[in-house]
Amino acid sequence: MTEFSGFSPKSFKFFEELTNNQNRVWFAEHRSEYERYVREPMRLFTETLSEKLASSDVPLWGDPKRSLFRINRDARFSKAKHPYNMHASGLFTRTGDKHSPGVLYFRLDPLGSRCAAGYLQPESHILKRLRQGILDNPKAWLSIERSLKRKGFVLDYSHTLARIPRGFNDVPQEVEQAIKLKGWIIRKQLSRKIICSKELINEVTNFAKDMLPLLSFGWHALNKYSN
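Basis of the calculations
- Residues numbered from 1 in each chain as written.
- Predicted model: local features only at pLDDT ≥ 70, side-chain atom pairs only at ≥ 80, totals over all residues.
- Heavy atoms only, no water.
- Core = buried A, V, L, I, M, F, W, Y, C linked by side-chain atoms within 4.5 Å.
- Buried < 20%, exposed > 50% of the residue type's maximum accessible area, 1.4 Å probe, protein only.
- Helix = DSSP H or I, 4+ residues; strand = E, 2+ residues; numbered from the N terminus.
- Contact = heavy atoms within 4.5 Å.
- 1 Å grid on protein atoms, 1.4 Å probe; cavity = no way out; pocket = protein on both sides within 12 Å on 5 of 7 lines; lining within 4 Å.
- Points joined across faces, edges and corners; volume = space filled by probe spheres on them.
- Pairing = 2+ DSSP bridges.
- Salt bridge = Lys/Arg side-chain N within 4 Å of Asp/Glu carboxyl O.
- Expected span 1.5 Å × (residues − 1).
- Bend = angle between axes of the 7 residues up to and from the residue.

Going by what an unreviewed UniProt entry lists, the protein chain is known as TIGR02453 family protein and is assigned to Polynucleobacter tropicus.

1. Details of the nonpolar core
Counting residues in each nonpolar core, the largest one holds 59 residues, and the members touching the most others are F45, L104, F106 and W184. Tallying contributions element by element places helix 8 (residues 200-224) first for this core, with twelve residues. Sequence-distant contacts of L104, defined by excluding residues within four places in its chain, comprise L49, L53, L60, G90, L91, F92, A116, A117, V204, F207 and A208.

2. Notes on the layout of surface pockets
The calculated volume of the largest pocket comes to roughly 710 Å³. Lining the largest pocket are 25 residues, and of these V103, Y119, L120, Q121 and P122 sit closest to its centre. Contributions of two or more residues to the lining of the largest pocket are made by strand 2 (103-108), strand 3 (113-119) and strand 4 (184-190). Of all the elements, strand 3 adds the most residues to the lining of the largest pocket, at four residues. The space that makes up the second largest pocket amounts to roughly 580 Å³. For the second largest pocket, the lining is made up of 24 residues, of which Y34, L68, F69, R70 and I71 are closest to its centre. For the lining of the second largest pocket, the secondary structure elements donating two or more residues are helix 3 (31-55) and strand 1 (88-92). Tallying contributions element by element places helix 3 first for the lining of the second largest pocket, with seven residues.

3. Considerations on the pairing of strand 1
Judged by how many residues are buried, strand 1 sits mostly within the fold: five of five residues are covered. Residues A88, G90 and F92 point to one face of strand 1 and S89 and L91 to the other, with burial holding for every one of them. Across five bridges, the pairing between strand 1 and strand 2 is antiparallel. Residue pairing for strand 2: L91 is matched across the bridge by Y105.

4. A word on the environment of E40
Looking at the secondary structure, you find E40 in helix 3. Residue E40 is classed as partly exposed on the basis of its relative accessible area, which comes to 37%. For the pair E40 and A75, spaced 35 residues apart in sequence, the C-alpha separation works out to 25 Å.

5. Comments concerning unusual backbone geometry
Backbone geometry places Q121, a non-glycine residue, at a positive phi of 50 degrees. Relative to the helices and strands, Q121 is located in the loop between strand 3 and helix 4 (124-136). With a phi close to 55 degrees, D170 is a non-glycine residue in the positive phi region. Its location among the elements puts D170 in the loop between helix 5 (138-150) and helix 6 (176-180).

6. Focus on the pattern of salt bridges
When their charged atoms lie close together, side chains carrying opposite charge are able to pair. Applying the stated criterion across every chain, the model contains twelve salt bridges. For the salt bridge of E16 with R192, the shortest nitrogen-to-oxygen distance reads 3.1 Å. With a gap of 176 residues between them, E16 in helix 1 (residues 9-19) and R192 in helix 7 (residues 192-195) connect regions that are remote in the sequence. Note on E16: relative accessible area 37%, which makes it partly exposed. One salt-bridge network, in which partners are shared between bridges, spans R31, E35 and R39.

7. A few points about helix 3
The α-helix advances 3.6 residues per turn, and as a result positions three or four apart in sequence lie on the same side. For helix 3, spanning 25 residues, the distance from its first C-alpha to its last is 34 Å, which sits close to the expected 36 Å at 1.5 Å a residue. A bend of about 30 degrees at R39 is the largest found in helix 3, and the proline P41 appears one to four places after it. Looking only at helix 3, the buried set comprises Y34, Y37, V38, P41, M42, L44, F45, T46, T48, L49, S50 and L53. Buried residues in helix 3 make contact with helix 1, helix 2 (24-29), strand 1, strand 2 and helix 8. Looking one or two residues past helix 3, D57 carries a phi angle of roughly 60 degrees, positive in sign.

Right, dumping it as structure tokens:
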């Protein structure tokens, strides 16, 4: 396998030009650039990161055929009708499938590349079990939040319910806000310098290692309350 040494600056150039040329004729004429600077590097990144995660005892991996999002958009139910995504992204999960809960996310984007981890927009039955995990183990949850904060990571609390969800009683005050969360998300911005270097793999791997306690807390809750 060819060694992954970072994305080319030309990947950003491709997306910047695509932003101003959202039509199928232009994309067809520039497909070779997409393949060379975006699709093939994303495939290699996915394979290399998966190997690095495995060697670091992080139970997440990605499959280039299943884990990466297509550049073509499904605009049927969106007000924005442009046919192509202006970024490339993918998910790494325990199964390699995008639908497995508890993910590591990567996004190559000229407006700001990043990685993220957690439980992104979980379905209601999954979210209920995650909340139950917090309610049953408030001290463990608070310990994880404190540990993440010491490392410079903070959960996104911008998407929460106004009230404690129905069915959750006697919620300790210190975890009330956590119980109201609609998902668990932590993000890390990635500079172009990192994106275009071989250090990207280590950077994302170290982030995943830092996120593992949060992901594991959720996996434990999902397993415990599966019935």
